[in-house]
Amino acid sequence: MSPLKPPVARRVAIVAGARVPFARSDGPYATASNQDMLTAVLDALVERQGIQGPGAVGEFVAGAVLKHSRDFNLARETVLGSKLDPRTPAYDIQQACGTGLQAVIAAANKIALGQTESAIAGGADTASDAPLGVNDDLRRILLEARRAKSVGARLKALARIRPAHLVPDIPRNAEPRTGLSMGEHAAVTARAWGVTREDQDELAATSHQRLAAAYERGFFRELVVPFRGLARDQNLRPDSTAGKLAALKPVFGLKDPDPTMTAGNSTPLTDGAAVVLLASQEWAEARGLEVLAYLTAYETAAVDFVQGDVVQGEDGLLMAPAYAVPRMLERAGLGMDDFDLVEIHEAFASQVLATLAAWEKQGLAPVDRARLNVTGSSLATGHPFAATGARIVATLAKLLAEREGPGRGLISVCAAGGQGVTAILERP
């Protein structure tokens, strides 16, 4: 028997994207589940691209960071409740804030290897409908009662229940290894890199102004699907200025002599969902669908934010893209000057500025701010954890498609757990 020939990698096309307007937690989407939001964007994408037919899409991959036990098979359940062919395979993926981009990469790999011709990838998250866990002490008592061999032993176990045991475990935005919130970690990094309050507020204001301008010119008309009364991202403040943001009080790093991080230059808790349609070039052409851009490279990295060089800023919780991007560029034979557009997920303004400084320290050329997050980013849109990566991919692909002639864009996403996911999009 002759061995199978190794597959030849194919170009992976980004065809379209869809997302709901992102909403602040406990707002318009307070009663919407991950599946509700993910189904809404999947249905919109399916209808707009005319891919309702049997076998139209090879698979669906998506995830969420905050998941109920009922969401154990979120992607597949979403397919079954959507307008996509119910025979479409689906699976979940999760890498904290990098989930959406990692889902895109997972789908792209199968397309590149010829294992499927098309796929939809993305994610959803709701901070409003976050799962509440049973108090761990109560859980242990209930398990002991379940294992009891007699009624007396069961009653003896249940008799140990106290009022304090009825208080649920509420999810915390904190790293299990350190007990610090993401904001507190970012404050440590901001101090290490000397990031100023003025620069953070300026970057945040610019994000709002650029997102507002993009909405006004109709850029998001084909990307954003109205949902539950929202047509624009709820966190958007078109009149934001650095001066107005300067009036806000710091909320992170309060033990520092001069704390700089506020609610205005940090992303709020957010609800939302986003998806992207990827395919081989042949699949898109056969259906008359325009290719917006191609996904040509990607890289992930992680830092030791527990035992590493955190105080000096090198291994800060959100600094992994500082290592992933140089590695990816070296492998691709590119420099920062080779990019027309740069999209950095804005978990915090301080994290963006520290990442830019770290890239320069590693020898990369400075990023032209006129090319950075040109339609705004997470500080203005909000950040539903698993949805952000797909939002950025769809946005950047459309930006590249708008350009006259070839273009290249860089994506950088930091994630909890000291991880980073990065990618390159190109339009020949």
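Up top is the structure these notes are about.
Residues numbered from 1 in each chain as written. Predicted model: local features only at pLDDT ≥ 70, side-chain atom pairs only at ≥ 80, totals over all residues. Heavy atoms only, no water.

Q: What should I look at first to understand the pairing of strand E1 (residues 12-19) in this one?
A: Two faces belong to every sheet, and in a regular strand the side chains alternate between them. Most of E1 sits out of view: 8 of its 8 residues are buried. Sheet analysis places E1 next to strand E9 (residues 293-302), joined by 3 bridges and oriented antiparallel. By the bridge assignment, Ile-14 is partnered in E9 with Ala-293. Here 7 bridges tie E1 to strand E8 (residues 270-280), and the two strands are oriented antiparallel to one another. (Buried < 20%, exposed > 50% of the residue type's maximum accessible area, 1.4 Å probe, protein only. Helix = DSSP H or I, 4+ residues; strand = E, 2+ residues; numbered from the N terminus. Pairing = 2+ DSSP bridges.)

Q: Is there a simple way to think about the nonpolar core in this case?
A: For soluble globular proteins, the rule of thumb is that nonpolar side chains tend to be buried together. Formed by 46 residues in total, the largest nonpolar core has its most connected members in Leu-278, Ile-411 and Leu-425. If you tally residues by element for this core, the top one is helix H13 (residues 388-402), at 9 residues. In contact with Leu-425, not counting residues within four places along its chain, are Ile-14, Tyr-294, Leu-295, Val-393, Leu-396, Ala-397, Leu-400, Gly-407, Arg-408, Gly-409 and Ile-411. Listed in part, the 41 residues of the second largest apolar core include Ala-44, Ala-62, Val-79 and Ala-124. (Core = buried A, V, L, I, M, F, W, Y, C linked by side-chain atoms within 4.5 Å. Contact = heavy atoms within 4.5 Å.)

Q: How should I be thinking about the environment of Ala-212 in this particular structure?
A: Note on placement: Ala-212 falls in helix H7 (residues 197-216). Considered as a pair, Ala-212 and Ala-380 are 168 residues apart in the sequence and their alpha carbons are 8.8 Å apart. Here Ala-212 is in contact with Leu-236 and Pro-238, once residues within four sequence places are set aside.

Q: Where do I start with the pattern of salt bridges in this structure?
A: Close approach of charged atoms allows side chains of opposite charge to pair. In total, this model carries 22 salt bridges according to the counting rule given. Between Asp-85 and Arg-87 there is a salt bridge whose closest N-O contact spans 3.4 Å. Taking the relative accessible area as the measure of exposure, Arg-87 reaches 68% and is therefore exposed. Measuring nitrogen to oxygen at the nearest pair gives 2.8 Å for the salt bridge that ties Asp-201 to Arg-197. One end of the pair, Asp-201, and the other, Arg-197, are both in helix H7, 4 residues apart, so they sit about a helical turn from each other. Look at Arg-197 and you get buried, because its relative accessible area is 15%. Linked through salt bridges whose partners overlap, the residues forming this network are Asp-136, Arg-139 and Arg-140. (Salt bridge = Lys/Arg side-chain N within 4 Å of Asp/Glu carboxyl O.)

Q: Looking at this structure, how should I read the packing of helix H3 (residues 99-112) against H13?
A: In helix packing, the relevant descriptors are the interaxial angle and the interaxial distance, both defined with respect to the helix axes. At a minimum axis distance of 5 Å, the contact between H3 and H13 shows a crossing angle of 65°. Across the interface between the two elements, Gly-100, Leu-101 and Val-104 from H3 touch Gly-389, Ala-390 and Val-393 from H13. Across the contact of H3 with H13, the residue classes break down as 4 nonpolar, 2 polar and no charged. (Axes fitted to C-alpha atoms, helices over the stretch in contact; angles between N-to-C directions. Nonpolar A, V, L, I, M, F, W, Y, C, P; charged D, E, K, R; others polar.)

Q: Sorry if this is basic, but what is going on with the packing of aromatic side chains here?
A: Counted under the stated rule, the structure contains 4 aromatic pairs. Taken together, a centroid distance of 5.0 Å and an interplanar angle of 70° make the contact between Tyr-29 and Phe-227 edge-to-face. Of this pair, Tyr-29 sits in the loop between strand E2 (23-24) and helix H1 (34-49) while Phe-227 is found in the loop between H7 and helix H8 (242-245), placing the two residues 198 residues apart along the sequence. For the pair Tyr-29 and Phe-227, one class covers both residues: buried. Members of the aromatic cluster, connected to one another through ring pairs, are Tyr-215, Phe-219 and Phe-220. Geometry around Tyr-294 places Arg-11 over its ring, the cationic atom sitting 3.9 Å from the centre. The ring of Phe-22 has Arg-19 sitting right over it, with the charged end atom 4.6 Å from the ring centre. (Phe/Tyr/Trp six-rings, centres within 6.5 Å; stacked < 30°, edge-to-face > 60°. Lys NZ or Arg CZ within 6 Å of the ring centre and 35° of its normal.)

Q: Looking at this model, I keep getting lost on a negative patch on the surface. Mind explaining?
A: There is a patch of like negative charges on the surface, built from Glu-198, Asp-199, Glu-202 and Asp-258. As for its position among the elements, Glu-198 is in helix H7. For Glu-198, a relative accessible area of 57% translates into the label exposed. (Patch = residues over 30% accessible without salt bridge, like charges linked within 9 Å, V, L, I, M, F, W, Y side chains within 5 Å. Areas by Shrake-Rupley, 256 points an atom, 1.4 Å probe, with all protein chains shown as cover. Lys, Arg positive; Asp, Glu negative; His and termini not counted. Charge placed at Lys NZ, Arg CZ, Asp CG, Glu CD.)

Q: I keep staring at the pairing of E9 and nothing clicks. Help me out?
A: Here 8 bridges tie E9 to strand E12 (residues 419-427), and the two strands are oriented antiparallel to one another. Looking at E12, one finds that Leu-295 is bridged to Leu-425.

Q: So what exactly am I meant to see when it comes to the side chain of Gln-351 here?
A: Relative to the helices and strands, Gln-351 is located in helix H11 (residues 349-361). One polar contact links the side chain of Gln-351 to the main-chain carbonyl oxygen of His-345, over a distance of 3.0 Å. (Polar contact = N/O pair within 3.5 Å; in protein donor to acceptor, adjacent residues only side chain to side chain.)

Q: Sorry, what's going on with the environment of Arg-10 here?
A: Relative to the helices and strands, Arg-10 resides in the segment before E1. Judged by its relative accessible area of 24%, Arg-10 is partly exposed. The spacing of Arg-10 and Ala-279 is 269 residues in sequence and 10.0 Å in space, taken between C-alpha atoms. In this structure, Arg-10 is in contact with Ile-111, Ala-112, Gly-114, Thr-116, Glu-117, Ser-280 and Glu-282, ignoring residues within four places of it in sequence. A distance of 2.9 Å separates the side chain of Arg-10 from the side chain of Glu-117, its partner in a polar contact.

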